[in-house]
Amino acid sequence: MITLFGLGAGFGLPEISPFVTKTEVQLKMAGLAYRKQRAMPPASPKGQLPFIDDGGALIADSTFIRAHIERKYGFDFDAGLDVHARAQAWAFERMIEHHLYFALVGARWVDPANFAKGPAHFFDGVPADRREKLREDAQFRVAENYLISGLGRHAPDEDIDLAARSLRALSVQLGDRRYLMGDRACGTDATAFAIIAGILTPFFDSELRRRTEGFGNLVAYVDRMMAQFYPEFDWSRAAEAA
């Protein structure tokens with residue numbers, strides 16, 4: 001059985017890491033049996049989550065895990081899409097992972113109140129004499145990556161405006177369809193769902209979340225995907241609790 005390594009539930013989500021969520025949804029799409037195990041990024045061959053253990057083979061990075069599933073198990077996540085639609089799906093995935101994701105990072109890690117409420121607690125188990133230093137170092141490294149991404153170089157209202165353009169592109173692409181590329185979920189839907197749900201979680205308060213809530217079809221899309229792939233997780237109660 002495949003073992004999927006992730007952070008586990010938290011922040012009002014069934015899985016804290018959106019990239020672990022992406023892989024978990026794709027495992028479910030492919031109908032593959034798996035079990036989850038908690039891990040931290042240093043345990044991964046690439047120093048990041050997710051990674052999987054598939055019969056002793058360790059594969060890290062959600063995109064390479066997808067390729068492994070397609071190659072080993074013969075599952076085509078984009079079945080039914082022609083060459084043009086496949087290209088569009090890939091382009092949207094790159095936009096989500098290399099632009100919209102960093103807006104989420106800014107909201108969770110760079111915002112002081114959200115950092116204190118969420119990611120700071122990753123270090124609660126560290127001895128007290130080292131805890132604050134590790135928290136500061138981790139936040140600094142993430143903020144540095146946020147800066148390198150380009151979004152961190154702008155004023156807060158400017159980076160939200162840029163993120164909203166990506167959200168608008170996704171909203172237009174989705175339209176009144178059930179999934180991004182049509183009536184059947186494809187690989188990019190796992191990515192879009194994971195990132196947008198991470199933004200919409202009521203656990204964190206942010207302007208990014210409020211702007212995202214303005215795209216009604218994206219909110220409904222996340223609700224549908226949550227009900228389909230995490231039926232045991234009460235997403236509506238998480239919202240009510242906030």
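Before reading on, note that the structure itself is shown above.
So, how was this worked out
Residues numbered from 1 in each chain as written. Predicted model: local features only at pLDDT ≥ 70, side-chain atom pairs only at ≥ 80, totals over all residues. Heavy atoms only, no water. Helix = DSSP H or I, 4+ residues; strand = E, 2+ residues; numbered from the N terminus. Expected span 1.5 Å × (residues − 1). Buried < 20%, exposed > 50% of the residue type's maximum accessible area, 1.4 Å probe, protein only. Pairing = 2+ DSSP bridges. Right-handed = clockwise from strand over helix to strand, strands pointing away. Axes fitted to C-alpha atoms, helices over the stretch in contact; angles between N-to-C directions. Parallel < 35°, antiparallel > 145°, perpendicular 65-115°, else oblique. Contact = heavy atoms within 4.5 Å. Nonpolar A, V, L, I, M, F, W, Y, C, P; charged D, E, K, R; others polar. Salt bridge = Lys/Arg side-chain N within 4 Å of Asp/Glu carboxyl O.

Draft legend 1. Up close: helix α7 (residues 187-200). Taking 1.5 Å per residue as the helical rise, α7 with its 14 residues ought to reach 20 Å, and the 20 Å between its terminal C-alpha atoms agrees with that figure. Most of α7 sits out of view: 14 of its 14 residues are buried.

Draft legend 2. Here's a closer look at the pairing of strand β2 (residues 34-38). When strand β1 (residues 2-6) meets β2, the two strands line up parallel, connected through 5 bridges. The partner of Thr3 across the bridge, within β2, is Arg35. Regarding topology, helix α1 (residues 18-30) serves as the crossover connection from β1 to the parallel β2, and that connection is right-handed.

Draft legend 3. Quick look at the packing of helix α2 (residues 62-73) against helix α3 (residues 83-110). At their nearest, the axes of α2 and α3 sit 13 Å apart, and the two run at 150 degrees to each other. Relative to α3, the element α2 is oriented roughly antiparallel. Contact residues: Ser62, Thr63 and Arg66 in α2; Trp90, Glu93, Arg94 and Glu97 in α3. Residue composition of the contact of α2 with α3, by class: 1 nonpolar, 2 polar and 4 charged.

Draft legend 4. Representation of the sheet that holds strand β3 (residues 51-54) in the model. Taken in spatial order, the 4 strands make up an open sheet running β2-β1-β3-β4, and their pairing is mixed. Sheet topology places β2 and β4 (57-60) at the edges, where each strand pairs with a single neighbour. For this sheet, the mean inter-axis angle between neighbouring strands, taken without regard to orientation, is 25 degrees. Strand direction decides the pairing type here: β3 and β4, joined by 4 bridges, are antiparallel. Paired with Phe51 across the bridge in β4 is Ala60.

Draft legend 5. Inspection of the pattern of salt bridges at higher detail. Under the criterion given, the structure shown has 18 salt bridges. One salt bridge in this structure joins Asp76 and Arg86, with 2.6 Å as the shortest N-O distance. With Asp76 in the loop between α2 and α3 and Arg86 in helix α3, this pair connects stretches of sequence that are 10 residues apart. For Arg86, a relative accessible area of 33% gives the class partly exposed. Among the salt bridges present, the one from Arg135 reaches Glu132, with a minimum N-O distance of 3.5 Å. One end of the pair, Arg135, and the other, Glu132, are both in helix α5 (residues 128-149), 3 residues apart, so they sit about a helical turn from each other. When its relative accessible area of 15% is taken as the criterion, Arg135 is described as buried. By relative accessible area, Glu132 is classed as partly exposed at 44%. Connected through salt bridges with shared partners, the residues Lys22, Arg66, Glu70, Asp78, Glu93, Arg94 and Glu97 form a single ionic network.

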